[in-house]
Amino acid sequence: MNTDDLLIALVFTIIIEYIVLRCLGERRQKILLSSVVINLLTNVPLNFYIDFAGYDWPHILLGEAVVIIIEALWYWLFTRDLHQSAVYSFLCNAISFLIGLLATLLLEWA
């Protein structure tokens, strides 16, 4: 994955996850801004891992699972609510992953 692709993936992930948090009713700036920070810390390593390990489902799912756990713990630092943190992390990552997968498939078919 080249630098431009990494940057595009990062920016779209941040935007999508911010929108998901807002749709879930989150209004606290510290949570919304922390979403940007945690994505800076997890998105690029995740994409490097998948690029290195291979674009197969076991590696993708393992990488995503690790990111979901890390991000849930991150959100917990700010919310102190484990359930809310897990929901935020799972939904943000699942939706951004599915949108990214859909975009990739559409670009391949175009």
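Scroll up to find the structure this text is about.
As the structure is a computational prediction, the values presented were derived from the model and not from experiment.

Scoring rules and cut-offs
By convention here, each chain's residues receive numbers from 1 onward along its written sequence. It should be noted that, the model being predicted, local features are given only for residues of pLDDT at least 70 and side-chain atom pairs only at 80 or more, the latter also being counted only at that level, while totals for whole chains, interfaces and linings use all residues. The side-chain figures draw on all heavy atoms in the structure; neither hydrogens nor water molecules are used. Working definition: helices are DSSP H or I runs of at least four residues, strands are E runs of at least two. Numbering for both runs from the N terminus. Stacked, tilted and edge-to-face are the three classes applied to pairs of Phe, Tyr and Trp rings, where Trp contributes its six-membered ring and a pair requires centres within 6.5 Å; stacked means planes under 30 degrees apart, edge-to-face means over 60, and tilted covers the rest. Accessible area is worked out with a 1.4 Å probe on protein chains only. A residue is then buried under 20% of its type maximum, exposed over 50%, and partly exposed in between. Geometrically, a lysine NZ or arginine CZ counts as sitting over a ring once it is within 6 Å of the ring centre and also within 35 degrees of the ring normal. Just to be clear on terms, a salt bridge is a Lys or Arg side-chain nitrogen sitting within 4 Å of an Asp or Glu carboxyl oxygen. Simply put, an axis is a line fit to the C-alpha atoms, just over the touching stretch for a helix, and the angle between two N-to-C directions goes from 0 to 180 degrees. An angle below 35 degrees is treated as roughly parallel, one above 145 as roughly antiparallel, one from 65 to 115 as roughly perpendicular, and anything else as oblique. Helix crossings get a hand from a simple test, with the near helix turned counterclockwise from the far one by less than a right angle marking a left-handed crossing and a clockwise turn marking a right-handed one. Note on contacts: a residue pair qualifies if any of its non-hydrogen atoms lie within 4.5 Å across the two residues. Put simply, Ala, Val, Leu, Ile, Met, Phe, Trp, Tyr, Cys and Pro go in the nonpolar bin, Asp, Glu, Lys and Arg in the charged bin, and everything else, Gly too, in the polar bin. A residue counts as positive if it is Lys or Arg and as negative if it is Asp or Glu; His and the chain ends are not included. Nitrogen and oxygen atoms within 3.5 Å of one another constitute a polar contact, given that in protein one can donate a hydrogen and the other can accept it, and given that sequence-neighbouring residues count only through two side-chain atoms.

> Report on the environment of A110, specifying residues and quantitative values.
Among the secondary structure elements, A110 is positioned in the segment after α4 (82–109). The sequence separation of A110 and V44 amounts to 66 residues, and the corresponding C-alpha distance is 26 Å.

> Account for the packing of aromatic side chains, naming residues and giving values.
In this description, an aromatic ring pair is defined by two values, namely the gap between the centres and the angle between the planes. Using the criterion set out here, one finds three aromatic pairs in the structure. Geometrically, the ring pair formed by W57 and F97 is edge-to-face, given 6.1 Å between the ring centres and 70° between the ring planes. With a gap of 40 residues between them, W57 in helix α3 (residues 57–79) and F97 in helix α4 connect regions that are remote in the sequence. Here F97 falls in the partly exposed class, since its relative accessible area comes to 22%. Seen from their ring centres, W74 and F78 are 5.4 Å apart, and the 55° between their planes marks the pair as tilted. Highlighted residues: W74 and F78, both in helix α3, separated by four residues, approximately one helical turn. Above the ring of W76, the side-chain terminus of R80 is found at 4.2 Å from the ring centroid.

> Talk me through the pattern of salt bridges; I want residue IDs and the actual numbers.
Under the criterion given, the structure shown has one salt bridge. Here E26 and R28 are joined by a salt bridge, their closest N and O atoms 2.8 Å apart. Relative accessible area serves as the criterion here: at 3%, E26 is assigned to the buried category.

> Run through the packing of helix α1 (residues 3–23) against α4, naming residues and quoting values.
Axis separation between α1 and α4 bottoms out at 9 Å; the angle between their running directions is 130°. One finds that α1 runs oblique with respect to α4. The way α1 lies across α4 gives a crossing that is right-handed. Residue-level inspection shows T13, I16, E17, V20 and L21 of α1 in contact with α4, the latter providing Y88, L91, C92, N93, I95, S96 and I99. Residues that form the contact of α1 with α4 fall into these classes: eight nonpolar, three polar and one charged.

> Any details on the side chain of E71? Residues and values, ideally.
By secondary structure assignment, the location of E71 is in helix α3. For the buried residue E71, which engages in no salt bridge, the nearest side chain bearing the opposite charge is R28, 15 Å off. Side chain to side chain, E71 and N93 meet in a polar contact 2.9 Å long. Setting aside anything within four residues of it in sequence, one finds E71 in contact with E17, I38, N39, T42, S89 and N93.

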